[in-house]
Amino acid sequence: MTHDNHQPREKLCTLAEAIERFVPDGASVAMGLQLESMIPFAAGHEIIRQRKRDLTLVGPISDILFDQLIGAGCARKIVAAWVGNVMMGSAYNFRRALEEGIPHPVEMVDHTNFTVALALHAAALGVPFLPTYTAIGSDLFARNEGLVEFEAPYTRETMTAVRAIAPDVAILQAQRADTEGNAHVWGNLGAAPDAARAARSVIVVAEEIVSSKVIASDPNRTVIPGFLVSAVVEAPFGAHPSPVQGYYNRDNNYYREYHRGTKTRQDFEAWLDHWVLGVGDRQGYLDLLGAERADSLKVRKHAYAARTDFGH
Amino acid sequence: MEPVRATEIMAVAGARELRDGEIIVVGLGLPQVAVVLAKRTHAPRLTSLLEIGVVDMNPVDTPVGLADSRIFHGATCWSGFLDVLGMNLHRGVVDVGFLGALELDRYGNINTTLLQEDSGKVRYFNGSAGGNDVASLAKRVIVILRHEKRKLPLAVAHLTSPGFVGGKSRAQLGLRGGGPHRIITDMAVLGFDSQTHEACLLSVHPGISAPAVQDNTGFPLRIPAQVPVTPLPTAEELRLLREEIDPRGVYLR
C-alpha cells in the first residue's frame, strides 16, 4: 500500500481540483471523522457537484453530510456507526435509500464509534485487524462482515476481530496548514489522526494557509504531517454548518432547516439545487449564506493557550 | 415555586447514582445535566469523559449538542476516540456510562438501529454510535428514556447494544462491562435482578402507581410488595438545575 504523494507536484490547489484528482468514482472516502465537529461540507458539496458515483463513505458519525451525499446519488455503501441529523434525529435521504431504494439502493455496514476508529487504526498500523471486547453478543455482526468473533491466542477468550479499513482518500478539516499539507488541528480529534494514516491519499481542507514557520512553531499541534498529504485546499468556513474550534460555532438553525426542508424527495431536490448545485462553488454557497449569518457564528469570546517554549 | 418536573426528577436520580471520584462517559442531554449536578453537589471529584475525546468538561451556559464549544470549555484534556473509547473505556476504568434507547427490553438490551412494522416494512433510525461500546464496556450502564410500552418491549427488534443477552450473565457472554444497572424513565427507576437479569421496579416517581408503570411496560416487571417513591429533588438541587445548569430549560423543559 503506497501513499499517492510521491510525485513532486504542487499540493496547494482548489477544492475542485483536489476532488477531481483524488476522489474517482467508486472510491472509498473517509470524512466527518470528528463526530459533529469539523465536517468537510465544502468538500462533500464539491463531490456532489462533480457527480461522483458509487462511493463508499467511511466515518463514525457524519451528521447530515452523508445524508446529502446519499440523497445526491453519490454513495453506494455506507460504513458508519451512526447516520442521521445529530440534533434532530432522522436523516431522510438515508432512510429513503435504505427503506425504499431512493434515489438508489445503498448498502449499510454497521460499526460502533470505537470499531470504526480501530478499523482505521489497524490500517494505519498496517495490520489486517485489531482485537476488541466491544460488540460481543450484538446484532452488529449480522450487518458487518468486518466484525468476526475469534478465540484470542494466549488467553483463549472470545474477542471481536475488527477488519482494517484503508480508505482510498481521507478528507480532513484543519484550522491551518502550510502549502506542504502540514496541518494544525485542535479541538476534539475523534478518529482524524488514524484516518490520516490509514488512507492512501489525504486531502487537507484548511481554514487558512500559513507559512511553514507557523507550523514549526508548535509541532505538537501538527495532527497531520505533510508527507502524508496529497492535496491542500484553503476554504474559509469550509466546515459550515459544523463548527471549527477557534473559528466559528455550529450553525444549529441550519440543521433544523435541513431537517424541515428535506422530508420529501422533492423537498430535498429543491434543497440540493438551492445550496449545492445552484451555487457553483463554495464562494457561491457563502454568498448565499450571507456575511451577516457567517459573522454571527464567529468565535467571539477568545481563549488563547498559554505560551509554549520550543526553544533550545 | 414551579412544580417539580419529571425531567428534574430524572436528572437528580441520575446524579445520585454517581459516587465521588468515579469516571463517567457522558452523552448529550439529561446525562450531561446529571453529571454536572453531581459534580456541583456530592461528587466534586467526578471525571467526565466525552467519547470524542474531551476530559473534564466544565460547561458554561447550557450547551446545545456535543459540538458546542461551550461544553468543551474548561476541559483539561482533548484527545480522540482511541483515548476515551479505547485506553479508558476499553481498558475498563470507566465506572458509569449513560445511554439512551429507541427500544430497551427486559434484559436491558438496547436497539437504536431499526424497527420492523407489522406490514414487514423496516424503518431505519440511526445506529450504535458509541452506544454499543459503552454498553459493552462500562462497569455500570444507566439508560435514560421515556416510559412507553412500545419503547420497552419483551425483546428488542434489533440488538444494537448488549445488556444481559438471552438472560445470560455478562461473564457468560464474555462481556467485560457490568451491563445495565439502572433505567431511569419519566415514571420510575428500574434495576435488574441479580439472578434472572430481568428488569425490576425499584421506585416510582411521586404521583405514579406501580400498576401504571406496568401498564406502560411491554414486559412483566417484578414489583416488590412495598414500592419506594423516587426521592424528590432538594431545594438546592432544584436551584442548581434551574438557575445554573439549565436556566433556559434546554433539556429540563
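Residues numbered from 1 in each chain as written. Chains lettered and ligands numbered in written order. Predicted model: local features only at pLDDT ≥ 70, side-chain atom pairs only at ≥ 80, totals over all residues. Heavy atoms only, no water.

Considerations on the overall build of chain B
Here comes step 1: In terms of regular secondary structure, chain B is built from 8 helices and 13 strands.
Here comes step 2: Projecting the C-alpha coordinates of chain B onto the three principal axes gives extents of approximately 45 × 45 × 35 Å.
Here comes step 3: The 253 residues of chain B split such that 61% are buried.
Here comes step 4: Carbon and sulfur atoms make up 53% of the accessible area of chain B, which amounts to about 9800 Å² in all.
Here comes step 5: Across chain B, the mean location of the 26 positive side-chain charges is 3 Å away from that of the 26 negative side-chain charges. (Helix = DSSP H or I, 4+ residues; strand = E, 2+ residues; numbered from the N terminus. Buried < 20%, exposed > 50% of the residue type's maximum accessible area, 1.4 Å probe, protein only. Areas by Shrake-Rupley, 256 points an atom, 1.4 Å probe, with all protein chains shown as cover. Lys, Arg positive; Asp, Glu negative; His and termini not counted. Charge placed at Lys NZ, Arg CZ, Asp CG, Glu CD.)

A short note on the sheet that holds strand 11 (residues 180-184) of chain B
Residues and elements named next belong to chain B.
Here comes step 1: Pairing in this open sheet of 9 strands is mixed, and the strands run 4-3-2-1-5-10-11-12-13 from one edge to the other. The open sheet has two free edges, formed respectively by strand 4 (77-78) and strand 13 (199-204), since each of these has just one partner strand.
Here comes step 2: Pairing of strand 11 with strand 12 (residues 188-192) involves 2 bridges; the strand directions are antiparallel. Pairing of I183 across the sheet is with L190, part of strand 12.
Here comes step 3: Sheet contacts for helix 2 (residues 30-40): strand 1 (23-25), strand 2 (47-50), strand 5 (96-99) and strand 10 (140-144); angle to strand 5, the most-contacted strand, approximately 145°. (Pairing = 2+ DSSP bridges. Contact = heavy atoms within 4.5 Å. Axes fitted to C-alpha atoms, helices over the stretch in contact; angles between N-to-C directions.)

Observations regarding the domain arrangement of chain A
All names here are of chain A.
Here comes step 1: Partitioning chain A into structural domains gives domain 1 (21-113 + 166-297) and domain 2 (129-163).
Here comes step 2: Facing 5 residues of domain 1, the contacting portion of domain 2 comprises 6 residues.
Here comes step 3: Buried surface at the junction of domain 1 and domain 2, both sides included, amounts to about 530 Å², of which 51% is carbon and sulfur.
Here comes step 4: The three residues of domain 1 that bury the most area against domain 2 are D110, H111 and T112, which together make up 78% of that side's buried surface.
Here comes step 5: Viewed at the interface, domain 2 and domain 1 are joined by 1 salt bridge.
Here comes step 6: D110 serves as the salt-bridge partner of R143, at 2.6 Å between the closest nitrogen and oxygen.
Here comes step 7: Linking domain 1 to domain 2 there are 3 residue pairs in polar contact (both at pLDDT 80 or more).
Here comes step 8: Taken together, the residues of the side of domain 1 that touches domain 2 break down into 2 nonpolar, 2 polar and 1 charged. (Domains from an automatic or database assignment. Buried area = accessible area lost by both parts, 1.4 Å probe. Salt bridge = Lys/Arg side-chain N within 4 Å of Asp/Glu carboxyl O. Polar contact = N/O pair within 3.5 Å; in protein donor to acceptor, adjacent residues only side chain to side chain. Nonpolar A, V, L, I, M, F, W, Y, C, P; charged D, E, K, R; others polar.)

Section: the packing of helix 5 (residues 113-125) of chain A against helix 4 (residues 81-90) of chain B
Here comes step 1: Put simply, helix 5 of chain A and helix 4 of chain B touch, their axes get as near as 9 Å, and they point 110° apart. As judged from the angle between their axes, helix 5 of chain A and helix 4 of chain B are roughly perpendicular. In this structure, helix 5 of chain A uses A:N113, A:F114, A:A117, A:L118 and A:H121 to contact helix 4 of chain B, whose residues at the interface are B:F81, B:L82, B:L85, B:G86 and B:H90.
Here comes step 2: Its residues assigned to classes, the contact of helix 5 of chain A with helix 4 of chain B shows 6 nonpolar, 4 polar and no charged. (Parallel < 35°, antiparallel > 145°, perpendicular 65-115°, else oblique.)

Here we look at the side chain of A:R282
All names here are of chain A.
Here comes step 1: Structurally, R282 can be placed in helix 10 (residues 282-289).
Here comes step 2: Although buried, R282 forms no salt bridge, and the nearest oppositely charged side chain, E207, lies 7.5 Å from it.
Here comes step 3: A polar contact is formed between the side chain of R282 and the backbone oxygen of F237, at a distance of 2.8 Å.
Here comes step 4: Ignoring any residue separated from it by four or fewer positions in sequence, one finds R282 in contact with F41, A42, H45, R49, F237, G238, A239 and H240.

Looking at the side chain of B:S48
Here comes step 1: Its place among the elements puts B:S48 in strand 2.
Here comes step 2: In contact with B:S48, not counting residues within four places along its chain, are B:I24, B:V26, B:V35, B:V54, B:V55, B:D56 and B:M57.

Description of the pairing of strand 13 of chain B
Here comes step 1: Burial within strand 13 of chain B is extensive, with 5 of its 6 residues counted as buried.
Here comes step 2: Linking strand 12 of chain B back to strand 13 of chain B in an antiparallel pair, the connection comprises 6 residues, with B:H197 at a positive phi of about 65°.

Quick look at the pattern of salt bridges
Here comes step 1: Under the counting rule described, the total for this entry stands at 35 salt bridges over all chains.
Here comes step 2: For A:K298, the salt bridge is made with A:D295, and the minimal N-O distance between the two is 3.5 Å.
Here comes step 3: Note on A:K298: relative accessible area 35%, which makes it partly exposed.
Here comes step 4: In this structure A:D295 comes out as partly exposed when scored by relative accessible area, which is 34%.
Here comes step 5: Between B:E148 and B:R150 there is a salt bridge; the shortest N-O distance is 2.9 Å.
Here comes step 6: A relative accessible area of 59% means that B:R150 is categorised as exposed.
Here comes step 7: A network of salt bridges, in which partner residues are shared, links B:R40, B:E236, B:R239, B:E243 and B:E244.

Examining helix 4 of chain B
All names here are of chain B.
Here comes step 1: Burial analysis of helix 4 places 8 of its 10 residues in the buried class, which makes it a mostly covered element.
Here comes step 2: Of all the positions in helix 4, only F81, L82, V84, L85, G86, N88, L89 and H90 are classed as buried.
Here comes step 3: Positive backbone phi, at 105°, marks G92, one or two positions downstream of helix 4.

Focus: the sheet that holds strand 7 (residues 158-163) of chain A
All names here are of chain A.
Here comes step 1: Strand order across the open sheet formed by 3 strands is 5-7-6, with antiparallel pairing between neighbours. Each having just a single partner strand, strand 5 (129-132) and strand 6 (147-151) make up the two edges of the open sheet. Neighbouring strand axes in the sheet, compared pairwise and without regard to direction, differ in orientation by 35° on average.
Here comes step 2: Inspection of the sheet shows strand 5 paired to strand 7 by 4 bridges, in the antiparallel sense. In the strand pairing of strand 7, L130 is matched with V162.
Here comes step 3: Strand contacts of helix 5: strand 5, strand 6 and strand 7, with the helix running at about 140° to strand 5, the strand carrying the most contacts.

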